[in-house]
Amino acid sequence: MKILIVDGNEKKASENYTNMNMLTQYEVYKDILINLTNNEIKIITIHPGNNENFIPKGINLEDFDGIAWTGSVLNIYDDTPPIKRQIDLAKNLLKMKNKIFGSCWGLQVLATAAGGTVRKNPKGLEAIIARNISLNSHGSVHPMYLNKPKNFDAFCWHYDEIETLPDNCNILSFNDRSTIQSLSFLRNNSEVWAVQYHPEFYPEWMSGLMAQRKEVLLKEKIFKSEKEFQKLNLFLSNIKKFKDLEDELNISKTLIDKKIHTFELSNWLNNIKNSI
């Protein structure tokens, strides 16, 4: 199985993670995909946000069984060269035969490339935990959500949301912060599964993200107080050691059980395997 990871971030954003001894978003993605399959898997990562010549010599975009698109700190409507390069890349990939998975920014790039639009969410930042995501009638029968509970929580960080959908696109899930938490569509020979949240993220990494963005989280009132922030940060840093905080923080098993939390990705990998 050969997978292409498209890193949605620019170099500086990735360096911010590295400087805090965190994995970058593309490294997180690579690790989880490797851990979720028993099959031999080869992963190549490209970085269109960094420069124009982002496809390594000898790499053919048509040689991959699946494409995974990471999150990013970018905003589609800023329309900068790194953003335009990613949209153009997505348009190109959608012309080929592909199985594509997008997380957060990945969803937004793919939807834009297919004709949809993105806006800043009028309800504001949704960060750390997206609560009470519900599958609709399409999501309940979609293969991405095989074995997934119909209501769940997920890790997240996004200011933006889909404003208009691409043609022939199905919304799969929603919550009270966004009417589109996931979607799917076919375009030419490509099949796209995409989520506004992050099934690839995990508790310890999210604890690091909270530390990196503490000022923003408190300013945006994601937490009522610094004490509330500290408790969740502590819990996520070691969910076994601080298990006694689970009930107080209203932590769902769907968030911290790795198997449940990553069903979207494991189902995507199985879908690829079954099509090879």
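Our subject is the structure listed above.
Residues numbered from 1 in each chain as written. Predicted model: local features only at pLDDT ≥ 70, side-chain atom pairs only at ≥ 80, totals over all residues. Heavy atoms only, no water.

1. Some details on the overall build of the chain
(1) Moving on: Helix and strand counts for the chain stand at eleven helices and eleven strands.
(2) Moving on: The C-alpha radius of gyration of the chain comes to 18 Å, within 12% of the 19 Å expected for a compact globule of 276 residues.
(3) Moving on: Seen along its three principal axes, the alpha-carbon backbone of the chain occupies a region of about 50 × 40 × 40 Å.
(4) Moving on: Expressed as a percentage of its 276 residues, the buried residues of the chain come to 55%.
(5) Moving on: Sequence-distant contacts, at least 24 apart, represent 73% of the contacts inside the chain between residues at least 6 apart.
(6) Moving on: Carbon together with sulfur atoms contributes 46% to the accessible area of the chain, which is approximately 12900 Å² in total.
(7) Moving on: Here the chain holds 34 positive side-chain charges and 33 negative ones, and the gap between their average locations is 2 Å. (Helix = DSSP H or I, 4+ residues; strand = E, 2+ residues; numbered from the N terminus. Rg over C-alpha atoms; globule rule 2.2 N^0.38 Å. Buried < 20%, exposed > 50% of the residue type's maximum accessible area, 1.4 Å probe, protein only. Contact = heavy atoms within 4.5 Å. Areas by Shrake-Rupley, 256 points an atom, 1.4 Å probe, with all protein chains shown as cover. Lys, Arg positive; Asp, Glu negative; His and termini not counted. Charge placed at Lys NZ, Arg CZ, Asp CG, Glu CD.)

2. Considering the packing of helix α6 (residues 203–212) against helix α8 (residues 226–237)
(1) Moving on: At a minimum axis separation of 7 Å, α6 and α8 run at an interaxial angle of 145 degrees. The handedness of the crossing between α6 and α8 comes out as left-handed. Contacts from Pro203, Glu204, Met206, Ser207, Met210 and Ala211 of α6 reach α8 at Phe229, Leu232, Asn233, Leu236 and Ser237.
(2) Moving on: Among the residues making up the contact of α6 with α8, the classes are represented as seven nonpolar, three polar and one charged. (Axes fitted to C-alpha atoms, helices over the stretch in contact; angles between N-to-C directions. Left-handed = near helix turned anticlockwise from the far one by under 90°. Nonpolar A, V, L, I, M, F, W, Y, C, P; charged D, E, K, R; others polar.)

3. With respect to the nonpolar core
(1) Moving on: One finds Leu4, Trp69, Leu89, Leu93 and Leu183 to be the most contacted residues of the largest nonpolar core, which totals 34 residues.
(2) Moving on: Secondary structure elements with two or more residues in this core: β1 (2–6), β2 (42–46), β3 (66–69), α3 (81–94), α4 (105–113), β10 (178–187) and β11 (190–195). (Core = buried A, V, L, I, M, F, W, Y, C linked by side-chain atoms within 4.5 Å.)

4. Quick look at the sheet that holds β1
(1) Moving on: Read from one edge to the other, the open sheet built from nine strands follows the order β2-β1-β3-β4-β11-β10-β9-β6-β7, with strand pairing classed as mixed. Two strands lie at the open edges of the sheet, namely β2 and β7 (151–158), each paired on one side alone. Mean inter-strand twist for the sheet, computed between neighbouring axes without regard to direction, equals 25 degrees.
(2) Moving on: Pairing analysis gives two bridges linking strand β6 (residues 126–135) to strand β9 (residues 169–175), with the strands arranged antiparallel. Counted as the bridge partner of Ser134 is Phe174 from β9.
(3) Moving on: Along the sheet, α3 makes contact with β1, β2, β3, β4 (99–103), β10 and β11, crossing β3 at roughly 155 degrees. (Pairing = 2+ DSSP bridges.)

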